[in-house]
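Fold and geometry: a report
Here is what each chain is made of, one letter per residue.
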Amino acid sequence: IYAPLRKYIETMPWFIKNMRPSRLIESEMYFPEQNIRVVPGGADDDAALGEAVIFALIDEVNFMNIIEKSKKAGVSMGRSSKYDQAESIHDTLTTRRASRFLLPGPQVGTIICSSSTRYKGDYTDRLEEHVRRESIRTTFISNHAQYEVVPQNRFSGEKFNLFIGSDAAMTVRVMEDGERAIGGEVIEIPVEYKDQFIKNPSKSLRDVVGLSTNAISPFIRQPHKVMECVAKGEEAGLQSFLLEDNVVLAYQGLPLPVKGHFCSNPAKPRYVHIDLSATQDRTGVCMVRFDGMMWVDRIGGEPEALPIVSMEMCMTVEPDHGNEIDIAEIRAWVKMLYTKYGYPIKAVSYDGWNSLESRQAWKKQGMKTGHVSVDRSPALYRQLRDAFYDGRVLIYNQPVLLDELLSLEYDENTGKEGKVDHSAIGSKDAADSLCGAYNLLLTRASSWVMPNGMTNGDMNSDRADLGERFDTNRG
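These numbers were taken from a predicted model, which means no experiment stands behind them.

With burial as the criterion, only one face of strand β3 (residues 55–59) is covered, namely that bearing A56 and I58; the residues F55, L57 and D59 on the opposite face remain uncovered. As defined by bridge partners, β3 adjoins strand β6 (residues 110–114) across five bridges and the pair is classed as parallel. Looking across to β6, one finds that D59 is bridged to S114.

In this structure, E60 is a non-glycine residue whose phi angle is positive, near 50°. Topologically, E60 is positioned in the loop between β3 and β4 (66–70). In this model, S135 sits at a positive phi of 55°, which is unusual for a non-glycine residue. Within the secondary structure, S135 sits in the loop between α4 (123–134) and α5 (146–149). A residue is classified by how much of its surface remains accessible, and S135, at 55% relative accessible area, is exposed.

Before going further, it helps to spend a moment on the nonpolar core. One finds Y381, L384, F388, I395, L405 and L434 to be the most contacted residues of the largest nonpolar core, which totals 43 residues. Secondary-structure elements contributing two or more residues to this core are α8 (223–235), β12 (283–296), β13 (304–318), α12 (379–390), β16 (393–394), α13 (399–407) and α14 (429–443). It is α14 that provides the largest number of residues to this core, a total of eight residues. Residues contacting I395, with those up to four places away along its chain left out, are V226, C229, V230, G233, E234, L238, M311, F388, L402, L405 and L434. Counting residues in each nonpolar core, the second largest holds 27 residues, with V247, V272, M313 and I327 among its members.

Moving on to the side chain of S310. Turning to its location among the elements, S310 is positioned in strand β13. Here D291 takes part through its side chain, which lies 2.5 Å from a polar atom of the side chain of S310. When near neighbours in sequence (up to four residues on either side) are disregarded, S310 contacts L238, M287, V288, R289, D291 and L394.

Okay, the state of the cysteines next. Applying the stated criterion across every chain yields a total of zero disulfides. Here C286 stays free of any disulfide, with the sulfur of C314 as its closest cysteine sulfur at 4.5 Å.

A word on helix α11 (residues 356–364). Every buried residue of α11 is listed here: S358, R359, A361 and W362. Burial along α11 is one-sided: seen end-on, the buried residues are contained in an arc of 160°. Away from the buried face of α11 by more than 90 degrees, exposed residues L356, K363 and K364 are located. Looking at the packing, one finds that the buried side of α11 touches α10 (327–339), β14 (345–350) and β15 (368–371).

What follows concerns helix α1 (residues 2–11). Along an α-helix, residues three or four apart share an orientation, since each turn contains 3.6 residues. Among all positions of α1, only Y2, R6 and I9 are buried. Summarising the axial view, the buried residues of α1 lie within an arc of 65°, below the 170-degree limit, and thus occupy one face. Exposed residues pointing more than 90 degrees away from the buried face of α1 are listed as A3, K7, Y8 and T11. Where the residues of α1 are buried, they touch α2 (13–18), β1 (29–31) and β2 (36–38).

Moving on, we get to the pattern of salt bridges. Counted according to the given criterion, the structure contains 22 salt bridges. Put simply, R133 and E134 hold a salt bridge, and the shortest N to O gap is 3.5 Å. Judged by relative accessible area, E134 falls into the partly exposed class, the value being 45%. Overlapping salt bridges bring together K268, R270, R289, D291 and E312 as one network.

Another aspect to go through is the pairing of β14. Burial analysis of β14 places five of its six residues in the buried class, which makes it a mostly covered element. The sheet contact formed by strand β11 (residues 270–275) and β14 spans five bridges and is parallel. The residue of β14 that forms the bridge with V272 is V348. Pairing analysis gives four bridges linking β14 to β15, with the strands arranged parallel. Bridge assignment links Y350 to a residue of β15, and that residue is H371.

Enumeration over the complete set of coordinates arrives at eight aromatic pairs. Plain terms: the ring middles of W14 and F15 are 5.1 Å apart, the flat faces sit at 80° to each other, and that makes the pair edge-to-face. In this structure, R385 is placed above the aromatic ring of F219, and the distance from its NZ or CZ to the ring centre is 4.2 Å.

Turning next to the packing of α8 against α13. Where α8 contacts α13, the axes come no closer than 10 Å and their chain directions differ by 155°. Between α8 and α13, the angle is such that the two are roughly antiparallel. Where α8 crosses over α13, the handedness of that crossing is right-handed. Along its contact with α8, which presents P223, V226, M227 and V230, the element α13 presents L402, L405 and L406. Grouping the amino acids of the contact of α8 with α13 by side-chain chemistry returns seven nonpolar, no polar and no charged.

Read across the open sheet, the three strands follow the order β8-β7-β9; overall the sheet is antiparallel. Each edge of the open sheet carries a strand with a single partner, namely β8 (172–174) and β9 (184–190). Strand-to-strand twist in this sheet, taken as the mean axis angle between neighbours without regard to direction, amounts to 25°. The pairing of strand β7 (residues 159–165) with β9 spans seven bridges and is antiparallel. Its bridge partner being in β9, F163 is matched across the sheet by V186.

Calculation criteria
Residues numbered from 1 in each chain as written. Predicted model: local features only at pLDDT ≥ 70, side-chain atom pairs only at ≥ 80, totals over all residues. Heavy atoms only, no water. Buried < 20%, exposed > 50% of the residue type's maximum accessible area, 1.4 Å probe, protein only. Helix = DSSP H or I, 4+ residues; strand = E, 2+ residues; numbered from the N terminus. Pairing = 2+ DSSP bridges. Core = buried A, V, L, I, M, F, W, Y, C linked by side-chain atoms within 4.5 Å. Contact = heavy atoms within 4.5 Å. Polar contact = N/O pair within 3.5 Å; in protein donor to acceptor, adjacent residues only side chain to side chain. Disulfide = S-S within 2.5 Å. Arc of directions from axis to C-beta. Salt bridge = Lys/Arg side-chain N within 4 Å of Asp/Glu carboxyl O. Phe/Tyr/Trp six-rings, centres within 6.5 Å; stacked < 30°, edge-to-face > 60°. Lys NZ or Arg CZ within 6 Å of the ring centre and 35° of its normal. Axes fitted to C-alpha atoms, helices over the stretch in contact; angles between N-to-C directions. Parallel < 35°, antiparallel > 145°, perpendicular 65-115°, else oblique. Left-handed = near helix turned anticlockwise from the far one by under 90°. Nonpolar A, V, L, I, M, F, W, Y, C, P; charged D, E, K, R; others polar.

Functional significance is not addressed by these values, which are geometric in nature.
Written out as structure tokens, the structure reads:
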């Protein structure tokens with residue numbers, strides 16, 4: 001920004017006549033008579049220390065660093081915390097401007113944050129939401145699509161319709177001629193962008209229209225399949241039996257089941273996965289139910305008999321600065337599900353972090369337990385994704401879980417197989433707990449109980465019996 005800005009200033013007639021910057025200093029623009037300096041600042045909040053900042057421009061704030069466990073961000077709290085570079089720089093500059101130029105009424109000077117969009121909930125989104133919520137009248141918001149600011153004589157005038165779904169999946173696609181939109185909105189876009197939207201609708205939505213999506217490189221590329229599984233779950237009567245699925249520890253404590261709740265179908269086995277945390281991320285706990293088998297047709301292959309899984313519970317517990325999550329209490333909470341509410345839990349698994357003591361405690365109580373890591377390889381998440389695409393995972397509308405599932409990103413440059421991860425501003429604690437519970441169920445096929453009471457070992461009705469398999473007439 002600095003080099004082209006200086007060139008403009010040095011060639012503009014008004015500045016040549018009235019306010020010429022010193023030619024002896026190249027590293028900054030210094031106006032001696034006005035005692036004003038225009039300085040290219042460092043990408044750190046410390047760059048503004050000792051400066052009387054009256055104006056600042058922070059460019060591409062949505063692409064600045066976010067560090068999950070930063071000692072710098074946690075200096076005031078004595079522990080590591082999340083460091084948001086854009087938020088830190090913006091807060092430092094606004095605070096410094098207010099302290100140096102404090103006057104009655106509107107403050108002197110301007111702070112500009114500029115960026116193209118990246119994710120839902122990125123820094124410009126959060127700033128805009130704050131301005132609208134607090135009704136701040138001294139902030140101006142400018143948000144335009146690319147084709148709105150480009151000279152219109154570059155376009156032919158012909159346009160096409162783009163459909164943007166209103167559901168959590170935010171489906172984006174180019175509409176056919178004469179097609180009617182149901183469950184979303186339609187925007188008209190110059191036809192010059194059509195090929196770009198056909199090739200990559202989500203990326204084009206961000207770059208051209210300026211609307212952010214859940215993920216830049218989405219792991220689940222058919223989000224409508226996830227929403228179909230939510231609809232199937234609602235049709236099957238799935239709903240949370242907790243008063244709150246997502247709680248903050250200091251204000252709500254651990255989640256509580258609704259009054260009078262009990263397990264209504266104890267013949268079906270359950271499987272629980274716990275994604276632990278202490279002071280940073282949420283702790284996620286998910287319980288799934290085995291609901292039988294279904295035949296899935298494969299193109300060019302034999303049909304497969306695969307399990308149908310229903311998610312009965314998915315909860316998250318968020319720690320705060322004054323309260324860390326007690327791992328033993330999480331274990332006791334899960335134990336309550338089968339001792340008090342009658343859920344026949346066949347196994348409980350954990351991720352690797354700090355779970356050894358919990359797994360040892362479960363073993364002493366006679367519970368099958370184990371270690372399931374969804375971060376080591378994308379294979380476990382691929383199995384869950386396949387189940388969603390097959391329509392074999394029924395879930396209820398859990399907002400945090402749905403947001404995490406649809407925001408999962410696939411980084412093919414991490415490790416040999418790539419990695420499934422959350423965005424820089426997101427999380428995947430609830431999604432990890434569901435993925436872990438589903439894969440735990442897959443590894444415990446011997447405990448599956450079919451709807452008619454048979455075990456999984458008896459369900460292969462297409463298998464030949466002993467007489468058919470042993471032929472005595474071998475001559």
